[in-house]
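The primary structure of each chain is shown beneath.
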Amino acid sequence: MNADALHAEVVGKYSEFINPYLARLMNFAGFGVEVQAEGCVMRDHEGREFLDFLGGYGVFSLGHRHPRVVAAVKDQLDRMPLSGKTFFGKNQADLAEKLAEITPEGLQFTFFSNSGAEAVEAALKFAKGATGRAKIVSTLGGYHGKTLGALAATGREKYRKKFEPLMPGVEFVKFGDVEAACAAIDESTACFIVETLQGEGGINLPPVGYLQSVRARCSEVRALLIADEVQTGLGRTGRMFGCDHEGVSPDILTMAKALGGGVMPIGATTFTKEVCNAIYSENPLMHTSTFGGNPLATAAGLATIAVIEEEGLVEQSRVKGERLMAGLREIGKRHDLIAEVRGQGLMIGVEFSMDEVGELVIGQMVKRGLVAAYTLNNPRVIRMEPALIVSDAQIDQALEIVDAAVGETAELLAQFA
Ligand SMILES: *Cc1c(COP(=O)(O)O)cnc(C)c1O
């Protein structure tokens, strides 16, 4: 089948059988059909290559198809892909032990699931069950997923409105505002759920000391602190976890995106002994998932953490992030369209001075072979989350493309001004 026919067929089926509105949106943006990927490079149906600087919103921290993760999953596939659930599973045991080792102090037990939203659902449910309280404090602009519970704690009305009433008892405070958070977190609060760096909200960094202050307030009133590290976890921000920047130990920590090494979907909710006792002591099956912790996904998780440790990817994230951010700031000096460049490690946002510009710049970048995306909750910001294995040459190539894409967008806008 020729490339155009393949594209037409796939877009047609999206329109007819998946979501016609999404099909139109993606087609309008000029996206092709993804057929193959390796490392930091994706290939479409025409054989065109793209530098992947979106990295699946943090999924591809090891790049696409990291050979060690692929090998671990293939090996597991040949022996036992899914478990019968009644026997013990070694991969799951090993991965839970490893997570207890690399997560902040006190986080000892892990519940495995299949996605970020599921990891958040477990976290919220555990916090309510462990405290016997119903109030949940979350942040404006925060993103925790789109299932009903996670959505109730997601700080963007646009996504919640149509489905209300959602889970009651959720109160939102401004992200990064210590006073507002401490005032809202009280003796009736089950938990404060927060990203250590808001991803979908627009790559927003809290002020230094924020996590420590909310930790202290939670402890004072015996509310639980949930760090949603679904996106920031496992090296993305230049530390193993976002919490590590401030030496903070939450009561519950969620992760997902990068944990499957870009090969398998997996979610994990890691929690303290106190939470474990409160939830499971009376009933060991109080919260379960059929596919959670399956042999394939946990094999991928184990291989992923081994690669992160052995290849020094946490340090790479910091070093490469500095190079990319410095380059973007240089470009920002040349273009008024760029208002700010900010981030941590390889989780970087470029904020434009006007609302609709992000979309235009992304179109120009895709045309030149670079993929990034705007953030769900803040269309002024485009985000870059390349693989932690990205090379200096790839960073420099991406910077050239960004420079040209912003330049051409500025010219286009000048024509219509
Ligand atoms: C992506 C994300 C989620 C939701 O994960 P899904 O796998 O899409 O359900 C939750 N929290 C944060 C911080 C995320 O970035």
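Residues numbered from 1 in each chain as written. Predicted model: local features only at pLDDT ≥ 70, side-chain atom pairs only at ≥ 80, totals over all residues. Heavy atoms only, no water.

Another aspect to go through is the overall build of the protein. Broken down by element type, the protein carries 15 helices and 15 strands. Since a compact globule built from 417 residues should have a radius of gyration of about 22 Å, the 21 Å found for the protein is in line with a globular shape. Taken along its principal axes, the extent of the C-alpha atoms in the protein is 65 × 55 × 45 Å. Partitioning the contacts of the protein with sequence separation of at least 6, the portion at a separation of at least 24 is 74%. When the accessible surface of the protein is summed, it comes to about 18,700 Å², and 55% of that surface belongs to carbon and sulfur atoms. Of note, the protein has its 40 positive side-chain charges centred 2 Å away from the centre of its 53 negative side-chain charges. (Helix = DSSP H or I, 4+ residues; strand = E, 2+ residues; numbered from the N terminus. Rg over C-alpha atoms; globule rule 2.2 N^0.38 Å. Contact = heavy atoms within 4.5 Å. Areas by Shrake-Rupley, 256 points an atom, 1.4 Å probe, with all protein chains shown as cover. Lys, Arg positive; Asp, Glu negative; His and termini not counted. Charge placed at Lys NZ, Arg CZ, Asp CG, Glu CD.)

A word on the domain arrangement of the protein. Interfaces are often described in size by the accessible area the parts lose on coming together. For the protein, the assigned domains read domain 1 (33-65 + 312-415) and domain 2 (67-310). Distance from the C-alpha centre of domain 1 to the C-alpha centre of domain 2: 27 Å. Approximately 2,800 Å² of surface area, both sides summed, lies buried where domain 1 meets domain 2, with 57% of it carried by carbon and sulfur atoms. Inspection of the region where domain 1 meets domain 2 yields two salt bridges. A salt bridge links Arg383 to Glu200; its shortest N-O distance comes to 2.8 Å. (Domains from an automatic or database assignment. Buried area = accessible area lost by both parts, 1.4 Å probe. Salt bridge = Lys/Arg side-chain N within 4 Å of Asp/Glu carboxyl O.)

Let us look at the sheet that holds strand β5 (residues 135-139). Sheets are built from strands that pair by backbone hydrogen bonding, the pairs being arranged parallel or antiparallel. With respect to topology, seven strands assemble into an open sheet ordered β4-β10-β9-β8-β7-β5-β6, the strand pairing being mixed. In the strand order of this sheet, the two ends are held by β4 (109-113) and β6 (170-173), each with one partner. Neighbour-to-neighbour, the strand axes of the sheet open up by a mean angle of 20°, direction not taken into account. Here four bridges tie β5 to β6, and the two strands are oriented parallel to one another. Within the sheet, the bridge partner assigned to Ile136 lies in β6 and is Val170. Here helix α5 (residues 90-102) sits on the sheet and contacts β4, β9 (252-255) and β10 (267-271); the angle it forms with β4, its principal contact strand, is near 125°. (Pairing = 2+ DSSP bridges. Axes fitted to C-alpha atoms, helices over the stretch in contact; angles between N-to-C directions.)

Bringing the packing of helix α1 (residues 3-18) against helix α2 (residues 20-28) into the picture now. Axis angle and axis distance: for two packed helices, these are the angle between their axes and the distance between the axes, and together they describe the pair. α2 packs onto α1 with a crossing angle of 145° between their chain directions and a minimal axis gap of 6 Å. For the pair α1 and α2, contact is made by His7, Val11, Tyr14, Ser15 and Ile18 and by Pro20, Ala23 and Asn27, respectively. Of the residues belonging to the contact of α1 with α2, the class tally is five nonpolar, three polar and no charged. (Nonpolar A, V, L, I, M, F, W, Y, C, P; charged D, E, K, R; others polar.)

The final tally for this structure, using the stated rule, is 29 salt bridges. Note that Arg68 is salt-bridged to Glu310, the shortest N-O span being 2.7 Å. Residue Arg68 is found in helix α4 (residues 67-79), and its partner Glu310 is found in helix α12 (residues 295-310); the two are separated by 242 residues along the sequence. Glu310 gets classed as exposed once you look at its relative accessible area, which sits at 57%. In this structure, Arg160 and Glu164 form a salt bridge, with 3.9 Å as the shortest nitrogen-oxygen distance. (Buried < 20%, exposed > 50% of the residue type's maximum accessible area, 1.4 Å probe, protein only.)

Here we come to the sheet that holds strand β2 (residues 41-44). What the four strands build is an open sheet, ordered β1-β2-β3-β13; its pairing is mixed. Each edge of the open sheet is held by one strand with a lone partner, namely β1 (34-38) and β13 (370-371). By the bridge criterion, three bridges tie β2 to strand β3 (residues 49-52) in an arrangement that is antiparallel. Across the sheet, Arg43 pairs through a bridge with Glu49, a residue of β3.

It is worth spelling out the nonpolar core at this point. The biggest cluster of nonpolar side chains holds 64 residues, and the ones touching the most others in it are Leu234 and Met365. Mapping this core onto the domain boundaries places at least three of its residues in each of domain 1 (33-65 + 312-415) and domain 2 (67-310). Setting aside residues up to four positions removed in sequence, Met365 forms contacts with Leu370, Ala372, Ile382, Met384, Ile401, Val402 and Ala405. If you look at the next biggest cluster of nonpolar residues, it comprises 20 residues, including Ala122, Ala127, Val275 and Cys276. (Core = buried A, V, L, I, M, F, W, Y, C linked by side-chain atoms within 4.5 Å.)

Once that is clear, we can look at unusual backbone geometry. Residue Pro165 is reached from Glu164 by a cis peptide bond, and omega for that bond is 0°. By the element assignment, Pro165 lies in the loop between α8 (157-160) and β6. Of note, Lys85 is a non-glycine position whose phi angle comes to about 75°, a positive value. One can find Lys85 in the loop between α4 and α5. One non-glycine residue, Ile203, lies in positive phi territory at about 55°. Residue classification places Ile203 among the buried positions, given a relative accessible area of 0%.

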